[in-house]
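Each chain is listed here by its residues.
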Amino acid sequence: VSQSRYIVSKSIGIITSPITTRLLTMGQYGAGPLLASVWTPVALAQYGGMDSAYPFFLAKGENRENVGKILATASILAYVTLLIVWLLFFIIAISTEWLQEYANVTSSELSFYLLGLLPAALIYWLCYLLRFLHRADSYVKISLLGRILPVVIVLPMLSFFDQRNRLLVSFGLNWVLSCLALAYALYEIRRVGYWPFRLSQFDWSLSKKMAHYGLLFVPAAVANAFMAVADRLLVGHSLGTDAIAVYAIAIALGSLGVMFVEWFGLAFDPHLSTWIASGDRGIYLPKMQLLATLLAALFALLTGFAVLWSGPVIAWLYPDGYAPAAELVPLLSIVTGK
């Protein structure tokens, strides 16, 4: 379900990008990905490692009472840590103006973007819990509401505003809709009977153990996230938000092949689990080796085809300023495929 949500999210972004790039200037379009790149390493520390500690301690739970304590303890610690991390990030970003200048946005635009991060992070934790509570139905409803509703409402409304105000309106409406989605998420998780904020279930002794375990994973996660977005941070620093806009389109189109493989994985993973569970390497190793060879050949073909289709497709779908993205698509296709 998590993988499906990620793929749907990326698909929505790609499908709507031809419209968004015409509603926003290149600088406005590039501001969002650049701000997200700055937040991404911080976001890996926002739950204080509870996203690692919760499944580990849940697997050790011996009875129903322990499950409730783990749920409440992890959730309260995660939300407290999130509020502290987000508030510090908000204060530093607003008071120093470094992020405003780096992303080339106004103070109002930056404020609404930062405000929108909080409800989105609160929602994500609830969705994370629902995965382990085996409530895929609630998970899908909440996550799709948070992804589709902003697109359906925000994009049509942008055309009614002056060009210079569209990024502000986009960030502002996304914040409002995220707050509404958070209210629905809280209602949904209470409706299914898994309210995670019962103070009576909070265990101080357990919280110390979970915090000690979870915090060990934070430095590595932050470092890994930083390496993942370093390219965008460097492009933004050297070339500005216009270049980030071009780069974002190139990454989106270059990842189409990866998305195809991910969709394939959603159907194939259950079969792979069955093969491995059989314990017979003679059955699944030859099949996995063949699959690896076929996927490598597929990515090679996709890269070759990208050289042919990227230029005409980008020229047809996007404004003229995005034409340089066609040169990056084949390279990013093979890099993301690895």
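Here goes a summary of the coordinates provided. (Residues numbered from 1 in each chain as written. Predicted model: local features only at pLDDT ≥ 70, side-chain atom pairs only at ≥ 80, totals over all residues. Heavy atoms only, no water.)

### Quick word on the packing of helix H2 (residues 26–43) against helix H8 (residues 166–191)
Point 1. Their axes nearest at 9 Å, the elements H2 and H8 cross at an angle of 40°. Classified by the angle their axes make, H2 and H8 are oblique. When you trace H2 past H8, the crossing you get is right-handed. Residues Gln28, Ala31, Gly32 and Leu35 of H2 pack against Arg166, Leu167 and Phe171 of H8.
Point 2. Looking at side-chain class alone, the contact of H2 with H8 contains four nonpolar, two polar and one charged residues. (Axes fitted to C-alpha atoms, helices over the stretch in contact; angles between N-to-C directions. Helix = DSSP H or I, 4+ residues; strand = E, 2+ residues; numbered from the N terminus. Parallel < 35°, antiparallel > 145°, perpendicular 65-115°, else oblique. Left-handed = near helix turned anticlockwise from the far one by under 90°. Contact = heavy atoms within 4.5 Å. Nonpolar A, V, L, I, M, F, W, Y, C, P; charged D, E, K, R; others polar.)

### Details of a nonpolar patch on the surface
Point 1. A cluster of nonpolar residues, Val80, Ile84, Leu88, Ile92 and Trp98, forms a patch on the protein surface that exposes about 460 Å² of accessible area.
Point 2. The element best represented in the nonpolar patch is helix H4 (residues 64–96), accounting for four residues.
Point 3. For leucine 88, the position within the fold is in helix H4. (Patch = residues over 30% accessible without salt bridge, like charges linked within 9 Å, V, L, I, M, F, W, Y side chains within 5 Å. Areas by Shrake-Rupley, 256 points an atom, 1.4 Å probe, with all protein chains shown as cover. Salt bridge = Lys/Arg side-chain N within 4 Å of Asp/Glu carboxyl O.)

### Some points on the side chain of threonine 16
Point 1. Along the polypeptide, threonine 16 turns up in helix H1 (residues 2–23).
Point 2. For threonine 16, the residues in contact, after removing those within four places along its chain, are Val151 and Leu155.

### Digging into helix H3 (residues 50–60)
Point 1. Of the residues making up H3, those classed as buried are Met50, Ala53, Tyr54, Phe57 and Leu58. Mapping the buried residues of H3 onto a view down its axis gives an arc of 125°, with all of them on the same face. (Buried < 20%, exposed > 50% of the residue type's maximum accessible area, 1.4 Å probe, protein only. Arc of directions from axis to C-beta.)

### What to know about the nonpolar core
Point 1. One finds Met50, Tyr54, Leu114, Trp125 and Met210 to be the most contacted residues of the largest nonpolar core, which totals 59 residues.
Point 2. The element that contributes the greatest number of residues to this core is helix H6 (residues 107–132), accounting for 14 residues.
Point 3. Excluding residues that lie within four positions of it along the chain, methionine 50 makes contacts with Pro55, Ala74, Leu77, Ala78, Trp125, Met210 and Ala211.
Point 4. Membership of the second largest hydrophobic core comes to 22 residues, among which are Val169, Ile249, Tyr318 and Ala326. (Core = buried A, V, L, I, M, F, W, Y, C linked by side-chain atoms within 4.5 Å.)

### Comments concerning the environment of proline 312
Point 1. With respect to the secondary-structure elements, proline 312 resides in helix H13 (residues 281–317).
Point 2. Distance in space between the C-alpha atoms of proline 312 and alanine 326 is 8.5 Å, their sequence separation being 14 residues.

### Some words on the side chain of serine 178
Point 1. Within the fold, serine 178 resides in helix H8.
Point 2. For serine 178, the residues in contact, after removing those within four places along its chain, are Gly116, Pro119 and Ile123.

### Some details on unusual backbone geometry
Point 1. The residue glutamate 97 is not glycine, and still its phi comes out positive at about 65°.
Point 2. You can see glutamate 97 is positioned in the loop between H4 and helix H5 (98–103).
Point 3. Relative accessible area serves as the criterion here: at 40%, glutamate 97 is assigned to the partly exposed category.
Point 4. Even without being a glycine, asparagine 104 presents a positive backbone phi close to 55°.
Point 5. Residue position: asparagine 104 is located in the loop between H5 and H6.
Point 6. Taking the relative accessible area as the measure of exposure, asparagine 104 reaches 59% and is therefore exposed.

### Focus on the packing of aromatic side chains
Point 1. If you walk through the whole model with that rule in mind, you get 17 aromatic pairs.
Point 2. Both rings, one in tryptophan 39 and one in phenylalanine 89, keep their centres 5.1 Å apart while their planes meet at 65°; by these two values the pair is edge-to-face. Remark: phenylalanine 89 occurs in helix H4 and tryptophan 39 occurs in helix H2; sequence separation between them is 50 residues.
Point 3. You can call tryptophan 39 buried: its relative accessible area is 8%.
Point 4. Measuring from ring centre to ring centre gives 4.3 Å for phenylalanine 56 and tyrosine 213, while their planes differ by 10°; the resulting arrangement is stacked. Here phenylalanine 56 is found in helix H3, whereas its partner tyrosine 213 is found in helix H9 (residues 204–215), with 157 residues between them in sequence.
Point 5. Assessed through its relative accessible area of 34%, phenylalanine 56 is described here as partly exposed.
Point 6. Given a relative accessible area of 22%, tyrosine 213 falls into the partly exposed group.
Point 7. Through successive ring pairs, a cluster of aromatic residues spans Tyr47, Tyr54, Trp125 and Tyr128.
Point 8. Above the ring of tryptophan 195, the side-chain terminus of arginine 190 is found at 4.7 Å from the ring centroid. (Phe/Tyr/Trp six-rings, centres within 6.5 Å; stacked < 30°, edge-to-face > 60°. Lys NZ or Arg CZ within 6 Å of the ring centre and 35° of its normal.)

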